[in-house]
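Read off the chains here:
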Amino acid sequence: ASARGKPARAMSSDEEEAPAPAMEHSEEVSAPEPTASAGDLELKTTPFDPRFPQTNQAKHCYTRYNEFHKCQAENGEGAEECEPLAKFYRSICPTEWTEKWNEEREEGTWPGRY
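Residues numbered from 1 in each chain as written. Predicted model: local features only at pLDDT ≥ 70, side-chain atom pairs only at ≥ 80, totals over all residues. Heavy atoms only, no water.

K.L.:
Before we move on, can you summarise the overall build of the protein with the specific residues and values?
P.N.:
Looking only at helices and strands, the protein features 3 helices and 2 strands. If you list the helices and strands of the protein from N to C, you get β-β-α-α-α. A buried classification covers 21% of the 114 residues belonging to the protein. Sequence separation of at least 24 residues holds for 43% of the intrachain contacts in the protein that already meet a minimum separation of 6. Accessible area of the protein: about 9300 Å², with a carbon and sulfur share of 50%. (Helix = DSSP H or I, 4+ residues; strand = E, 2+ residues; numbered from the N terminus. Buried < 20%, exposed > 50% of the residue type's maximum accessible area, 1.4 Å probe, protein only. Contact = heavy atoms within 4.5 Å. Areas by Shrake-Rupley, 256 points an atom, 1.4 Å probe, with all protein chains shown as cover.)

In structure tokens:
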């Protein structure tokens with residue numbers, strides 16, 4: 001039965017099935033990383049992460065923020081290998097969120113785990 005309670009109609013052999021709507025991201029195709037250049041300045045955002053395929057990127061932001069601070073906890077503050085993670089969370093997270101989270105970390109009330 002269809003979503004409206006009517007029985008589904010069988011397709012005849014000469015009918016073609018309509019193509020599925022295009023997905024925003026595909027796991028099979030690797031899209032190039034978005035960039036914008038202004039002279040010598042190259043702007044990038046965090047690369048596509050298949051763990052977060054939806055438009056709402058709140059969990060993606062939270063995870064990238066946590067990954068950066070976990071890296072710093074393991075490798076020391078200012079560790080060079082953590083810099084790409086910092087760029088990722090800074091490019092996707094609203095500044096208001098990260099300022100609040102930084103305050104919570106300083107106060108010891110941050111709920112994140114790293």
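K.L.:
Which residues make up a negative patch on the surface, and what values go with them?
P.N.:
A surface patch of negative charge is lined by Glu96, Glu99, Glu103, Glu106 and Glu107. When its relative accessible area of 57% is taken as the criterion, glutamate 107 is described as exposed. (Patch = residues over 30% accessible without salt bridge, like charges linked within 9 Å, V, L, I, M, F, W, Y side chains within 5 Å. Salt bridge = Lys/Arg side-chain N within 4 Å of Asp/Glu carboxyl O. Lys, Arg positive; Asp, Glu negative; His and termini not counted. Charge placed at Lys NZ, Arg CZ, Asp CG, Glu CD.)

K.L.:
So what's going on with the packing of helix α1 (residues 58-75) against helix α2 (residues 83-92)? Residues and values would help.
P.N.:
Packing of α1 against α2 leaves a shortest axis separation of 8 Å and a crossing angle of 155°. Here α1 lies roughly antiparallel to α2, going by the angle between them. Pair α1 / α2 crosses with left-handed handedness. Residue-level contacts link His60, Cys61, Arg64, Tyr65, Glu67, Phe68, His69 and Cys71 of α1 to Leu85, Ala86, Phe88, Tyr89 and Ile92 of α2. (Axes fitted to C-alpha atoms, helices over the stretch in contact; angles between N-to-C directions. Parallel < 35°, antiparallel > 145°, perpendicular 65-115°, else oblique. Left-handed = near helix turned anticlockwise from the far one by under 90°.)

K.L.:
An account of the environment of asparagine 66 is requested, with residue identities and associated values reported.
P.N.:
Its location among the elements puts asparagine 66 in helix α1. Distance from asparagine 66 to tyrosine 89, taken between C-alpha atoms, is 8.8 Å for residues 23 residues apart in sequence.

K.L.:
For α1, give the residues involved together with the corresponding values.
P.N.:
Between its first and last C-alpha, α1 extends 26 Å over 18 residues, near the 26 Å set by a 1.5 Å rise per residue. The secondary structure elements touched by the buried residues of α1 are α2 and α3 (95-107). (Expected span 1.5 Å × (residues − 1).)

K.L.:
Which residues make up the pattern of salt bridges, and what values go with them?
P.N.:
One pass over the full model with this rule turns up 2 salt bridges. A salt bridge links arginine 64 to glutamate 67; its shortest N-O distance comes to 3.6 Å. Placement of both arginine 64 and glutamate 67 in helix α1 is noted, with a separation of 3 residues, approximately one turn of the helix. You can call arginine 64 buried: its relative accessible area is 9%. Two residues, glutamate 104 and lysine 100, come together in a salt bridge whose shortest N-O distance is 2.8 Å. With glutamate 104 and lysine 100 both in helix α3 and 4 residues apart, this pair spans about one turn of that helix. For glutamate 104, a relative accessible area of 15% corresponds to the buried category.

K.L.:
Any chance you could break down the packing of α1 against α3 for me, citing the residues and the numbers?
P.N.:
The geometry of a pair of packed helices is captured by two quantities: the angle between their axes and the separation between those axes. Two elements in contact, α1 and α3, have axes separated by 12 Å at closest approach and are oriented at 45°. The angle between α1 and α3 places the two elements in the oblique class. Crossing handedness for the pair α1 and α3: right-handed. The residues of α3 that touch α1, namely those facing Ala58, Cys61, Tyr62, Tyr65 and His69, are Trp97, Thr98, Trp101, Asn102 and Arg105.

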